[in-house]
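Listed below are the residues making up each chain.
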Amino acid sequence: MALSDTILVLRALGLGDLLTAVPALRGLRNAYPDARVVLAAPESLRDLVDLIDAVDELLPTTGLGALRWHAAPPRLAVNLHGSGPESIRDLLAARPEALLTHRHSDYPGLPGPEWREEVHEVERWCLLLEHGRIDADRTALRLPAPSAPAAESDVVVIHPGAASPARRWPSERFARVARELGADGYRVVITGTREEIRLANAVAQQAGLPPTAVYAGRTTLIELAALVADAALVVCGDTGVGHLATAFGTPSVLLFGPTPPQWWGPPADAEQHVTLWAGIAGDPHADHPDPGLLMLRPEHVRTAATGLLGAKVRHG
């Protein structure tokens, strides 16, 4: 069968995973300017994928084992998904001319770099590309703001949820920060998924915020992105919303634990982002808040938030 001039990329994960892969995707675009870059990722991310100038087509893929490639074999398949054999197997099923992936013992005939745990997620995929002699700019994280107008502008967005209990700072602490920033005269809104409506309402009620301040369950992904892009500040844990703040250059205070910001945080030299971390790594799969995360106090967050908001006012 004839090969197609297509680059097939597997990254069938979540929001933060997508955004940390943007520099690698742009590296592929620059290396193959005439090829069609197809990203295998969840359909739920489509509107955000449309903002990435390096992707031509989204192939809806819910996760491992769900990749369905019915076109001619791609010129190159790139495994930006993970370290296991399942992602390699999924891409090999497309019969690519070449496969760029990390090495795995289940496929001893496939070359590739060794997987390293302790490396920033952006760096990981740029290094993989460089193993394949493809340059990648680690700083190429920014995205254009969504064309749709934000529901509100210049607000403080507080996002109390996180994918795992280990990364969820207590709701009463988020509420204290929200209450104090509201008392300082800032419009504070609470965001979250449909599953986080109860959490968002609890934070708003404890903070004394009106129901109109709760956007949890009321926004699509692109509407949430627009809200973050036009916000004065984002306060959240180690979540996809934090990566949205990085993508749009919105100032943010990010609470890390149990995973260190050196692995998943914004660029270390980005002054508009403040990462708070107790310096203690923990179990990201625990069913309770990480002890290191609990060492972060509301006053720490409040100080960082007011510093960024003051800097925004001073510098316009």
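Residues numbered from 1 in each chain as written. Predicted model: local features only at pLDDT ≥ 70, side-chain atom pairs only at ≥ 80, totals over all residues. Heavy atoms only, no water.

**Student:** Explain the sheet that holds strand β9 (residues 252-255) residue by residue, including any values.
**Tutor:** Taken together, five strands build an open sheet; the order of strands is β7-β6-β8-β9-β10 and the sheet is parallel. At either margin of the open sheet sits one strand with a lone partner, and together these are β7 (188-190) and β10 (273-276). Pairs of neighbouring strands in the sheet enclose a mean axial angle of 15°, with direction left out of account. Note that strand β8 (residues 233-237) and β9 share four bridges and pair parallel. Following the sheet pairing, Cys236 is matched in β9 by Leu254. (Pairing = 2+ DSSP bridges. Helix = DSSP H or I, 4+ residues; strand = E, 2+ residues; numbered from the N terminus. Axes fitted to C-alpha atoms, helices over the stretch in contact; angles between N-to-C directions.)

**Student:** Run through the packing of aromatic side chains, naming residues and quoting values.
**Tutor:** Taken as a whole, this structure holds two aromatic pairs when the rule is applied. Aromatic pair Trp169 and Phe174: ring centres 5.0 Å apart, planes at 90°, arrangement edge-to-face. The same class applies to Trp169 as to Phe174, namely buried. Above the plane of the ring of Trp115 lies Arg124, whose end atom (NZ or CZ) is 4.1 Å from the centre. For Arg218, the ring lying beneath its charged end belongs to Tyr215, and the centroid distance is 4.4 Å. (Phe/Tyr/Trp six-rings, centres within 6.5 Å; stacked < 30°, edge-to-face > 60°. Buried < 20%, exposed > 50% of the residue type's maximum accessible area, 1.4 Å probe, protein only. Lys NZ or Arg CZ within 6 Å of the ring centre and 35° of its normal.)

**Student:** An account of empty space enclosed by the protein is needed here, citing residue identities and associated values.
**Tutor:** Summed over all chains, the structure comprises two cavities of 30 Å³ or more. Put simply, the largest cavity is a space of about 90 Å³. Lining the largest cavity, in full, are Leu19, Thr20, His120, Val122, Leu141, His243, Thr246, Ala247, Gly265, Pro266 and Pro267. For the lining of the largest cavity, the secondary structure elements donating two or more residues are α1 (15-20) and α9 (240-248). Residue contributions to the lining of the largest cavity peak at three residues, all from α9. In the lining of the largest cavity, the residues fall into six nonpolar, five polar and no charged. Within this model, the second largest cavity holds a volume of roughly 50 Å³. Lining the second largest cavity are Gly237, Asp238, Thr239, Gly242, His243, Thr246, Leu254, Phe256, Trp264, Gly265 and Pro266. (1 Å grid on protein atoms, 1.4 Å probe; cavity = no way out; pocket = protein on both sides within 12 Å on 5 of 7 lines; lining within 4 Å. Points joined across faces, edges and corners; volume = space filled by probe spheres on them. Nonpolar A, V, L, I, M, F, W, Y, C, P; charged D, E, K, R; others polar.)

**Student:** How would you sum up helix α5 (residues 121-131)? Please name residues and give values.
**Tutor:** Regarding α5, the residues found buried are Glu121, Val122, Arg124, Trp125, Cys126, Leu128 and Leu129. Contacts from the buried residues of α5 go to α1, α2 (22-31), β4 (74-79), β5 (99-100) and α10 (261-264). One or two residues past the end of α5 sits Arg133, with phi positive at roughly 60°. (Contact = heavy atoms within 4.5 Å.)

**Student:** Would you mind going over the packing of α2 against α5 in detail, with residue names and values included?
**Tutor:** Two quantities define a packed helix pair, namely the angle between the axes and the distance from one axis to the other. Two numbers describe how α2 lies on α5: the axes approach to 8 Å, and their chain directions differ by 20°. Between α2 and α5, the interaxial angle falls into the category roughly parallel. Counted together, Pro23, Ala24, Gly27 and Leu28 of α2 and Val122, Trp125, Cys126 and Leu129 of α5 form the full contact between these two elements. Looking at the contact of α2 with α5, its residues break down into seven nonpolar, one polar and no charged. (Parallel < 35°, antiparallel > 145°, perpendicular 65-115°, else oblique.)

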